[in-house]
Amino acid sequence: MFIAHRISGLLILGYLYLHLILLSAVLLPHGAKHFNAVAGVVKAPLFIGADLVLFGIVLVHGLNGIRLIVADFGGMIRSSRLGIWLTMTTAALLLGLGVLVLLPDIVR
Amino acid sequence: MATEHVSTEPPVHSEPLQPAVSWAWVLQRFTAILLVVFLGGHLWVEHFMNTSVAVVTERLRNGIFVVLDVGLLVTVVYHGLNGLHGILKETWDGARARWVLYFLLILGMFTVFWGMDILWAFLYHHPFLVIG
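Our subject in this report is the structure included herewith. Predicted model only: the values in this text are computed from it and were never measured.

**Looking at the packing of aromatic side chains**
Tallied over the full model, the rule gives six aromatic pairs over all chains. Put simply, the rings of Tyr17(A), Phe110(B) and Trp114(B) pair up and form one aromatic cluster. Over the ring of Trp25(B) we find Arg29(B); its NZ or CZ atom is 4.0 Å from the centre of that ring. Over the aromatic face of Phe65(B) sits the side chain of Arg59(B), whose NZ or CZ is 5.2 Å from the ring centroid.

Below, the structure written as structure tokens:
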């Protein structure tokens, strides 16, 4: 989980800059036209699928982070099997919920 | 002929080890909890929005969204770059670590201003932004 936390963190940091670059379309001359074009492109099923992959990475990083905070302040063992199992199960359930919510946008 | 000596010893730190609880340590956890709230809200709000310049401008007319968006921007940049700093300082020590810290500080300030410029473009119609 130590390595997974770092890799997911770096991926999310990379996405932050990708996100800012795409939103920067609004800063171009005739920014409104370019921004709305970008917003139209990222609605494509392929991008929604990529969003779900990103959502999964965010869930793993966020829930594992909560687990570590609970371990730091609540006296749980950092490498507790139950804690890791709870983290991954919750991540899987929330990702499943995300898939259900976004499915209509993928299969149109 | 010069031979390369590869040390198997752990690197010797010239500075005393960081205290177990530092401000950076506390802030990393504080921003983590804030991010669960800010990012959760961000994903929720953006999902139910048909994103376009007009819609974003309309949303940002409500001042609470400006506070939430700037709050998310600052916390995500601090948390992300401090996390990266934590990874990098394990590989680099001494003068290089300080150089990395300064670089990340400047990158962080640049990123916050970049994000704010994007927000301000929606709010106050950036000189380049032509609507319609």
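**Here's the deal with the pattern of salt bridges**
This structure, assessed with the given rule, holds five salt bridges over all chains. We note a salt bridge from Glu90(B) to Arg6(A), for which the minimum N-O separation is 3.0 Å. Of the two residues, Glu90(B) is situated in helix H3 (residues 63-91) and Arg6(A) in helix H1 (residues 2-23); the pairing between them involves two chains. On the accessibility criterion, Arg6(A) (21% relative accessible area) is partly exposed. A salt bridge links Arg29(B) to Asp72(A); the shortest N-O distance between them is 3.1 Å. Of this pair, Arg29(B) sits in helix H1 (residues 23-47) while Asp72(A) sits in helix H3 (residues 45-74), placing the two residues on different chains. In this structure Asp72(A) comes out as partly exposed when scored by relative accessible area, which is 28%. In the salt-bridge network here, residues are joined through shared partners; they are Glu46(B), Arg59(B) and Asp69(B).

Conventions we followed
- Residues numbered from 1 in each chain as written.
- Chains lettered and ligands numbered in written order.
- Predicted model: local features only at pLDDT ≥ 70, side-chain atom pairs only at ≥ 80, totals over all residues.
- Heavy atoms only, no water.
- Phe/Tyr/Trp six-rings, centres within 6.5 Å; stacked < 30°, edge-to-face > 60°.
- Lys NZ or Arg CZ within 6 Å of the ring centre and 35° of its normal.
- Salt bridge = Lys/Arg side-chain N within 4 Å of Asp/Glu carboxyl O.
- Helix = DSSP H or I, 4+ residues; strand = E, 2+ residues; numbered from the N terminus.
- Buried < 20%, exposed > 50% of the residue type's maximum accessible area, 1.4 Å probe, protein only.

Without other data, these values stay purely geometric and don't point to any function.
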